[in-house]
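Chains, contacts and geometry: an overview
One-letter residues, chain by chain:
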Amino acid sequence: MTTQELHDKLTTLLNGHKNAVVSDPQANPVKLLAYDISKAVEDRSVAFKDVEALVKTLSDHGAIERAQRLLKRAGADRFASLRNRIKAVAETHADAGFDAFKAWAEQPGQGIVLTAHPTFSLSRDIRNTLGGIASSQAGKIDGFVETLKTHPYLPQRAPTLIEEHEDTQDTLARIQGAMDKLNATVLDVAAKHFPNQWMSLTPHLADAYSWVGYDIDGRTDISWGDALRLRLSEKRDQLARYAKEAARIASKGGFKAASEDAIDALSDRIRDGLSSAERDLNLFETDLDNPENLVAAANNLTRQSPRRFTDLAVLDPLLESAIQGAPDAKTQRELVCLRAKMKAFGLGTARIHFRLNARHVMSGVKGIFGLSENGSDTRTVLNRATELTKSVDVQPVNFASLALEKSTAHEKMILIAQIQKYIDASVPIRLLIAETEDALVPLSVLYLARRYGVADMLDISPLFETADALNNGGRIISKMLENPVYREYIQSRGVFAIQTGFSDAGRFMGQIPATLAIERLQSHFAREMERHNVSGVTALVFNTHGEGLGRGGHPGNIAQRLDYAMSPWAISQFERRNIHLCHETSFQGGDGYLWFQTPELADATVFSLIGGRHADRSKASDDPFYTEKDFSWDVYRTIGSEQDALYSDPNYVSLLGGLGQNMLIPTGSRAAKRAKPGSGGDMFNPRLLRAIPHNAILQQFGAPANIFYGVGRAAGIDPEKFEALYASSARAKSIFDLVITTMGRTNLSILTGYGRLFDPGFWISRALSGAEPMLANRSLIIAETLESSTWRSQIMDLANRLRLDQYDSLRFLAQCDEDADFTPDDTLMILHALRLAMIMKMMITMAELPVISDEATSRLSALQRMQTFQINDILDDLRDRYPAKTAPMEWTKALSEKTDTPVTSGGFAHITDHVIRPLDRAKDIVRQITIAVTHHYDAFG
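My aim in this report is to walk through the structure given alongside it, one point at a time. None of these values were measured; they are calculated from a predicted model.

How each quantity is defined
- By convention here, each chain's residues receive numbers from 1 onward along its written sequence.
- In view of the model being predicted, local features appear only for residues whose pLDDT reaches at least 70, and side-chain atom pairs are presented and counted only at 80 or more, with totals across whole chains, interfaces and linings using the full set of residues.
- As a rule here, side-chain values cover all heavy atoms of the structure and leave hydrogens and water aside.
- Each helix is a run of DSSP H or I of at least 4 residues and each strand a run of E of at least 2, with the numbering of both proceeding from the N terminus.
- Only the C-alpha atoms count toward the radius of gyration. The rule for a globule is 2.2 Å times the residue count to the power 0.38.
- Only heavy atoms enter the contact rule, under which two residues are in contact if any of them lie within 4.5 Å.
- The sign given to each residue is positive for Lys and Arg and negative for Asp and Glu; His and the chain ends receive no count.
- By convention, the charge on Lys lies at NZ, on Arg at CZ, on Asp at CG and on Glu at CD.
- Given the number of residues in a helix, its expected span is that number minus one, multiplied by 1.5 Å.
- Burial classes: relative accessible area under 20% of the type maximum marks a residue as buried, over 50% as exposed, and values in between as partly exposed (1.4 Å probe, protein chains only).
- Each patch is built from residues lacking any salt bridge and having more than 30% relative accessible area; the joining distance is 9 Å for like charges and 5 Å for nonpolar side chains (Val, Leu, Ile, Met, Phe, Trp, Tyr).
- The Shrake-Rupley method, run with a 1.4 Å probe, gives the accessible areas here. Residue values count only the displayed protein chains as cover.
- By salt bridge we mean one thing: a side-chain nitrogen of Lys or Arg within 4 Å of a carboxyl oxygen of Asp or Glu.
- Fitting a line to C-alpha atoms yields each axis, with helices limited to the stretch in contact; the angle taken between N-to-C directions then spans 0 to 180 degrees.
- Reported orientations rely on four angle classes, namely roughly parallel under 35 degrees, roughly antiparallel over 145, roughly perpendicular from 65 to 115, and oblique for the rest.
- The nonpolar class holds Ala, Val, Leu, Ile, Met, Phe, Trp, Tyr, Cys and Pro. Asp, Glu, Lys and Arg form the charged class, and all remaining residues, Gly among them, are polar.
- Only a pair of cysteine sulfur atoms within 2.5 Å qualifies as a disulfide here.
- Cavity and pocket criteria rest on a 1 Å grid covering protein atoms alone: a 1.4 Å probe that fits but cannot get out defines a cavity, protein on both sides within 12 Å along at least 5 of 7 lines defines an open pocket, and an atom within 4 Å of a point defines a lining residue.
- Grid points are joined across faces, edges and corners, and a volume is the space filled by probe spheres set on the points.
- Nine residue types can take part in a nonpolar core, namely buried Ala, Val, Leu, Ile, Met, Phe, Trp, Tyr and Cys, and a core is a set of them joined through side-chain atoms within 4.5 Å.
- Each pair of aromatic rings taken from Phe, Tyr and Trp, with Trp reduced to its six-membered ring, is defined by centres within 6.5 Å and is described as stacked if the planes are under 30 degrees apart, edge-to-face if over 60, and tilted in the remaining cases.
- One requirement defines pairing of two strands: DSSP has to find at least two bridges between them.
- N or O atoms closer than or at 3.5 Å make up a polar contact, with two conditions inside protein: a donor-capable atom paired with an acceptor-capable one, and, for residues adjacent in sequence, both atoms drawn from side chains.

This brings us to the overall build of the protein. Counting its regular elements, the protein contains 44 helices and 8 strands. Computed over the C-alpha atoms, the radius of gyration of the protein is 30 Å, within 12% of the 30 Å expected from 2.2 N^0.38 for a compact globule of 941 residues. Considering only C-alpha atoms, the protein reaches an extent of 90 × 90 × 65 Å along its principal axes. Sequence separation of 24 or more characterises 82% of the internal contacts of the protein that already satisfy a separation of 6 or more. Seen as two clouds, the 106 positive and the 117 negative side-chain charges of the protein have centres 2 Å apart.

A separate point is helix α27 (residues 599-613). Spacing of three or four residues puts side chains on the same side of an α-helix, whose turn is 3.6 residues. Over its 15 residues, α27 extends 21 Å from the first C-alpha to the last, a length consistent with the 21 Å expected when each residue adds 1.5 Å. When you tally the buried positions in α27, you get 13 out of 15 residues, the bulk of the element.

Here the focus is a negative patch on the surface. Taken together, the side chains of D718, E720, E723, E818 and D819 present a region of like negative charge at the surface. With respect to the helices and strands, the residue D819 is situated in the loop between α40 (791-816) and α41 (826-846).

The next subject is the packing of helix α14 (residues 358-369) against helix α17 (residues 408-422). Where α14 meets α17, the axes come as close as 7 Å, and the angle between the chain directions of the two elements is 100 degrees. For the element pair α14 / α17, the angle class is roughly perpendicular. Contact residues: H360, V361, G364 and I368 in α14; T408, A409 and H410 in α17. Across the contact of α14 with α17, the residue classes break down as 3 nonpolar, 4 polar and no charged.

What follows is about the state of the cysteines. Summed over all chains, the structure comprises 0 disulfides. The structure places no disulfide on C582, whose sulfur is separated from the nearest cysteine sulfur, that of C337, by 20 Å.

Right, let's talk about empty space enclosed by the protein for a bit. Evaluation of the coordinates by the stated rule reveals 9 cavities of 30 Å³ or more. If you add up the space inside the largest cavity, you get close to 170 Å³. In terms of lining, the largest cavity is formed by 19 residues, of which the most central are H117, R355, E465, S503 and D504. Only β6 (495-501), α22 (502-509) and α32 (691-700) provide two or more residues apiece to the lining of the largest cavity. Considering every element that reaches the lining of the largest cavity, the biggest residue donor is α22, with 4 residues. Residue classes in the lining of the largest cavity are distributed as 4 nonpolar, 6 polar and 9 charged. Taken as a whole, the second largest cavity spans an internal volume of roughly 120 Å³.

Throughout the structure, instances matching the rule amount to 58 salt bridges. Of the charged contacts, one joins R713 and E642 as a salt bridge, the two residues approaching to 3.3 Å between their closest N and O atoms. With R713 in helix α34 (residues 711-715) and E642 in helix α29 (residues 629-647), the pair connects residues that are 71 residues apart, well separated along the chain. Classification of E642 by relative accessible area gives buried; the value is 13%. A salt bridge links D759 to R756; the shortest N-O distance between them is 2.8 Å. By relative accessible area, D759 is classed as buried at 10%. Among the residues examined, R756 registers a relative accessible area of 25% and is labelled partly exposed. Through salt bridges with shared partners, one network takes in D876, R879, D920, K923 and D924.

Summarising the element assignment, M829 is placed in helix α41. We classify M829 as buried; its relative accessible area is 2%. C-alpha of M829 to C-alpha of A34: the two residues are 795 residues apart in sequence and 9.4 Å apart in space. Beyond its immediate stretch of four places on either side in the chain, M829 contacts L14, K18, V30, N747 and P824.

Here we come to the nonpolar core. Core analysis: the biggest nonpolar cluster contains 304 residues, and F101, M413, F496, F736 and L802 have the highest contact counts within it. Non-local contacts of F736, meaning those with residues more than four positions away in its chain, are made with V635, I639, V711, F722 and Y726. By size, the runner-up hydrophobic cluster in this structure holds 9 residues, among which are Y209, W211, A497 and L540.

A few words on the packing of helix α38 (residues 760-768) against α41. The interhelical angle for the contact between α38 and α41, taken along N-to-C directions, is 70 degrees, at an axis separation of 14 Å. With respect to α41, the element α38 is oriented roughly perpendicular. Residue-level inspection shows F762, W763 and R766 of α38 in contact with α41, the latter providing M840, M843 and I844. By residue class, the composition of the contact of α38 with α41 is 5 nonpolar, no polar and 1 charged.

The next point concerns the packing of aromatic side chains. The tally for this structure, following the rule as stated, stands at 29 aromatic pairs. A ring pair is formed by F284 and F399, whose centres lie 5.5 Å apart and whose planes are at 45 degrees; its orientation type is tilted. A residue pair is termed long-range when its members are at least 10 positions apart, and F284 in helix α10 (residues 257-284) and F399 in helix α16 (residues 399-404) qualify at 115 residues. Classification of F284 by relative accessible area gives buried; the value is 0%. Taking the centre distance of 4.5 Å and the plane angle of 10 degrees together, the rings of W569 and Y626 count as stacked. On the criterion of sequence distance, the pair formed by W569 in helix α25 (residues 568-575) and Y626 in helix α28 (residues 624-627) is long-range, its members being 57 residues apart.

What follows deals with the environment of E234. Among the secondary structure elements, E234 is positioned in helix α9 (residues 224-251). A relative accessible area of 1% places E234 in the buried class. For the pair E234 and L281, spaced 47 residues apart in sequence, the C-alpha separation works out to 9.7 Å. Leave out the neighbours within four places in its chain, and E234 touches H165, Q169, Y214, G348, T349 and I352.

Here the focus is the sheet that holds β6. Read once around its circumference, the closed barrel built from 8 strands follows the order β1-β2-β3-β4-β5-β6-β7-β8, with strand pairing classed as parallel. Taken pair by pair, the neighbouring strands of this sheet meet at an average axis angle of 25 degrees, ignoring direction. Sheet topology note: the strand β4 (residues 429-434)/strand β5 (residues 458-464) ladder contains 5 bridges and is parallel. When the sheet's bridge partners are listed, I433 is paired in β5 with P462. Along the sheet, helix α23 (residues 511-531) contacts β5, β6 and β7 (538-544); its crossing angle with β7, the most-contacted strand, is approximately 170 degrees.

Glancing now at unusual backbone geometry. Notably, E435 is not glycine yet its phi reads approximately 60 degrees, a positive angle. Topologically, E435 is positioned in the loop between β4 and α18 (440-451).

Take α14 next. Regarding α14, the residues found buried are A358, H360, V361, M362, G364, V365 and F369. At its buried positions, α14 is contacted by β3 (351-357), α15 (379-391), α17, β4 and α18. Its side-chain oxygen 3.0 Å from the backbone nitrogen of R359, N357 forms the N-cap of α14. Backbone geometry just after α14 places G370 at a positive phi near 65 degrees.

Within the fold, H204 resides in the loop between α8 (161-193) and β2 (206-210). Polar side-chain contacts of H204 include one of 2.6 Å to the side chain of D207. Not counting residues within four places of it along the chain, the set of residues in contact with H204 comprises A105, E106, Q107, P108, N183, K343, A344 and R351.

As structure tokens, this is what we get:
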């Protein structure tokens, strides 16, 4: 049977099962199709290779459609229009005069942050291929499609931190290229309007950041040596870019005499700096656990060297001279763009974010501040901490301080100090503090920053991501501003930074309530800055969200993505108070990097970001979502209450447990669960499960409930008013379009299909049907094993709960958007049916195991563990207990009596061939389907 024939057959069967719902409302098309496939696998009319081929084909189709959506969302098919939009914005500012234009062009209003979140579900080869499709015109993707067919989806292991860093650096190179084009576009407008002044500009509309290699929230595997090596490698790579560009420009010739000397000197000076950076890196790439290596590397880095750069400002006179004597305007523009790049990136490929957890910080100051409870921001404690922060003396440090420090918070401050002294003194570093819930946490960081002499170049950014933090965020910000030491710090820095977290907030509160709580916090931020008369300070808001719908990734284009994360109304709260705002947004891991996978995508994405950031928001406050806030507030509270109840439902907790987690694939170097001090045991705690696997599990069951649940009840408060709000409010449309997209990818028949998988009644019925007499005994064995399982009842009860709300959601949302399509996707149903059939095959196979064996490899143990898909452990135990063949034993060779064949201790070839190998192959198919499913959600998690 060909792949197309199998697909056609399954589609026909599925259509028949969907029609059966008319006569039996409880009929489940996914489960029935899975049973059909299972029977075909058992009677051998469908083989593993047939299933593998179909899964690969469906995966490819899903990936191609995903890439084609990305083409439209990024705007790669309309780049000329995007560039014209930037030109129009620049023209508007130019009309206000040179000073106004300069103020706009040289002050960043947008940030692009690359993170190493574990969404590397696709290999580099596949991402490159999808990038090619997403950058190609219609009808010109055939080569990429053929290439895609040659690439397997299933990874053999998780990517390493080094591999993630390499992917990040490749992405940053393309972002830098796009920023060069952006700066050139701005300079073209400037040259037209200000022919005698444009060369004095240094465009700086956006910054690029990375925390890859510097984020230790919830992980313990990144040492200070790792971070330092990565930072030195970034310095080397960026100097290599500057050297290449300077040499290219110098080679053009035609410069005036003094300028020719300047461009040659510039090129030589950068080349010398590159050589110095290479030597610095080489010494730190040795084993730093060896004191001799550490001393050699440290002494080299800390010695004075005329070749080493720590600040590129020393090159400004050479650049200025070269610009003034360049042969033509094009060369002048190229040199100004080089200066702009040096200003934005300094001695790195991106500005860097370190990230700690609030627990790290409080542990580091507990003894110093005399804290009895972590995070207590009582007046007495705050006053004590304030006085200590105000009076702290700078503590000199060296690499011995760094190597011997045991406190995570202190170690990171010392590392920042060493980076700023010896690698890059010109570009500030951001320190993000996860799970901040009170004002003492950022004040404690300030104490450490002043103690280690880095406060002048460090932007402290508390992360508001928990429900408590978001609900009390305005109060926390107010306390920060009321504190004279912290107030003096932000006034001196000229930056007041905060971070919001859509992922974790969406996990705890539900995505829609989290989004609205974050918007409220954003507005409180502006209000508190005004209330405390803060002036001359940039408000920096880093909105951290993922690509998945459940983690704040909007399904629309880049402009819509920006407006969802920080609404026009929220931005207008800063604009009307004359507070300069820099809005940063994240692109997380492999899924996020797809937006920049090719130069064409990177250009479109960067130009879309800048165009969206500078959109007209003059009418944002007229949006009915804010003018009729009583109803908006009712919607928010209702959805929030429903989501809170769902998160507390033990059936929901069960869904997030073992089965779903173990069907996932390794997608990053970071663990799926937060590393938490003192946590032990295997008891599942959903609060320790990170947001990405949390959302991925919901995707894999066709039930992203943390997005849609509660919307039906909220809309039911006043359906007509809800429909009118959607029709008239851009903000309501932005929010509920995400829900509508989610509902189009939700199918609770998929969820209940998995519920029936471990239903003993299904297996008993299969045995009693008489249709498969050879399977009857094994089906009864499986049924007996499942008798004590609560999975079926829990999943069915959960599905019923979700369906009650879904019924209203579908009715009301269909009235809001007549074009909304909530028809279940046939491809998703076929994929899930194939996966269910593979798991059935695995259970039937396990029923052949010996009844009596080691505890870990008995039939009962294997089938019980299969209920949470602990297949990796099961296979490891079976291979240990039942090797196919053992090696000859050396002592037998000394026997006088010989035989014709080597003497072995025997083996279990039958179990290897008929149990272990089929289980291993089915396991891989199950996880190949996991990847295939993610394409339909445009992200892993």
